[in-house]
Amino acid sequence: MKGLPKLVLSVAVAMCVSLPANAGLFNISINNLGGLTPSQSSAFDGAVAFWETYLTGVQSVFDHSIVIDASGTSIDGVGGILASAGPTSITQLADSPFVYSNKGSMQFDTADLSNMERNGTLFDVIVHEMACYRIWNFVDNRFYQTR
């Protein structure tokens, strides 16, 4: 490829590569409301780092903060319900048609916490609760759309 076609292709590729993205960042924080040991709390920090790595932005120019209240509490005893989670507040960013959770709650059964930590599943359960129980508002693998 010589001359003008090569120049046009180079300019087109450069324009595509350098266009600004319309994505705000996810900022996730955990409020430990009690019932969790320091080592269990650190598993939450690891789960936050996991999701902040994979959820690289929201469809907005604004950043989006999510605060999750986490606690260890008695739910139903050993081996039944390990944890539960869900959004407690939602928001819509000014330039986005999507609704996002901005606050959520996660409760982990104190009868199961030590066993999950000991057998190495606590991190996985925390990640699961953050994702599958709609902290992120996924429906059919996408965020709720309001417009």
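Residues numbered from 1 in each chain as written. Predicted model: local features only at pLDDT ≥ 70, side-chain atom pairs only at ≥ 80, totals over all residues. Heavy atoms only, no water.

**Student:** It is not clear to me how the overall build of the protein should be interpreted in this structure. Could you clarify?
**Tutor:** Within the protein, the secondary structure is distributed over four helices and six strands. Here the protein holds 147 residues, and the buried ones make up 33% of them. Within the protein, counting contacts between residues at least 6 apart in sequence, those at least 24 apart form 78% of the total. Carbon and sulfur atoms make up 59% of the accessible area of the protein, which totals about 8500 Å². (Helix = DSSP H or I, 4+ residues; strand = E, 2+ residues; numbered from the N terminus. Buried < 20%, exposed > 50% of the residue type's maximum accessible area, 1.4 Å probe, protein only. Contact = heavy atoms within 4.5 Å. Areas by Shrake-Rupley, 256 points an atom, 1.4 Å probe, with all protein chains shown as cover.)

**Student:** Help me understand the side chain of glutamine 40 in this model?
**Tutor:** Here glutamine 40 is to be found in helix α2 (residues 38-54). With residues near it in sequence (within four places) discarded, glutamine 40 still touches Gly35, Leu113, Ser114, Glu117 and Leu122.

**Student:** How should I be thinking about the sheet that holds strand β3 (residues 83-92) in this particular structure?
**Tutor:** Hydrogen bonding along the main chain pairs the strands of a sheet, whether they run parallel or antiparallel. Strand order in the open sheet made by the four strands is β1-β2-β4-β3, with mixed pairing throughout. Edge positions in the sheet fall to β1 (26-32) and β3, since each has one partner strand and no second. Neighbouring strand axes in the sheet, compared pairwise and without regard to direction, differ in orientation by 20° on average. Looking at chain direction, β1 and strand β2 (residues 64-73) are connected through seven bridges and run parallel. Bridge pairing links isoleucine 28 to isoleucine 66 in β2. Lying on the sheet, α2 is in contact with β1, β2 and β4 (99-109); it crosses β1 at an angle near 170°. Along the sheet, helix α3 (residues 110-119) makes contact with β2 and β4, crossing β4 at roughly 90°. (Pairing = 2+ DSSP bridges. Axes fitted to C-alpha atoms, helices over the stretch in contact; angles between N-to-C directions.)

**Student:** How should I be thinking about the nonpolar core in this particular structure?
**Tutor:** The nonpolar side chains of soluble globular proteins are, as a tendency, buried together. Of all hydrophobic cores here, the largest spans 24 residues; its most connected members are Phe44, Trp51, Met106, Phe108, Leu122, Ile126 and Met130. Those elements giving two or more residues to this core turn out to be β1, α2, β2, β3, β4, α3 and α4 (122-132). Counting residues per element, this core draws most heavily on α4, at six residues. (Core = buried A, V, L, I, M, F, W, Y, C linked by side-chain atoms within 4.5 Å.)

**Student:** Any chance you could explain α2 here in plain terms?
**Tutor:** At 3.6 residues per turn, the α-helix brings residues three or four places apart onto the same side. Look at α2: 25 Å from first C-alpha to last across 17 residues, which is about the 24 Å you get at 1.5 Å a residue. Listing the buried residues of α2 in full gives Gln40, Ser41, Ala43, Phe44, Ala47, Val48 and Trp51. Viewed along the axis of α2, the buried residues span an arc of 145°, placing them on a single side of the element. Turned more than 90 degrees away from the buried face of α2 sit Pro38, Asp45 and Thr53, all of them exposed. (Expected span 1.5 Å × (residues − 1). Arc of directions from axis to C-beta.)

**Student:** Just to check I follow, could you spell out the pattern of salt bridges for this structure?
**Tutor:** In a structure, side chains of opposite charge can pair up when their charged atoms sit close to one another. Under the defined criterion, the tally for this structure stands at one salt bridge. Among the ionic pairs, lysine 103 bridges to aspartate 69, the shortest N-O distance being 3.0 Å. Here lysine 103, found in strand β4, pairs with aspartate 69, found in strand β2; they are 34 residues apart in sequence, far enough to count as distant. (Salt bridge = Lys/Arg side-chain N within 4 Å of Asp/Glu carboxyl O.)

**Student:** I keep staring at the confidence of the model for the protein and nothing clicks. Help me out?
**Tutor:** Of the residues in the protein, 67% have a pLDDT of 70 or more, and the chain-wide mean is 75. Across residues 133-147, confidence stays below pLDDT 50; counting only partners more than four residues off in sequence or on other chains, it has 51 contacts. (pLDDT = per-residue confidence, 0-100.)

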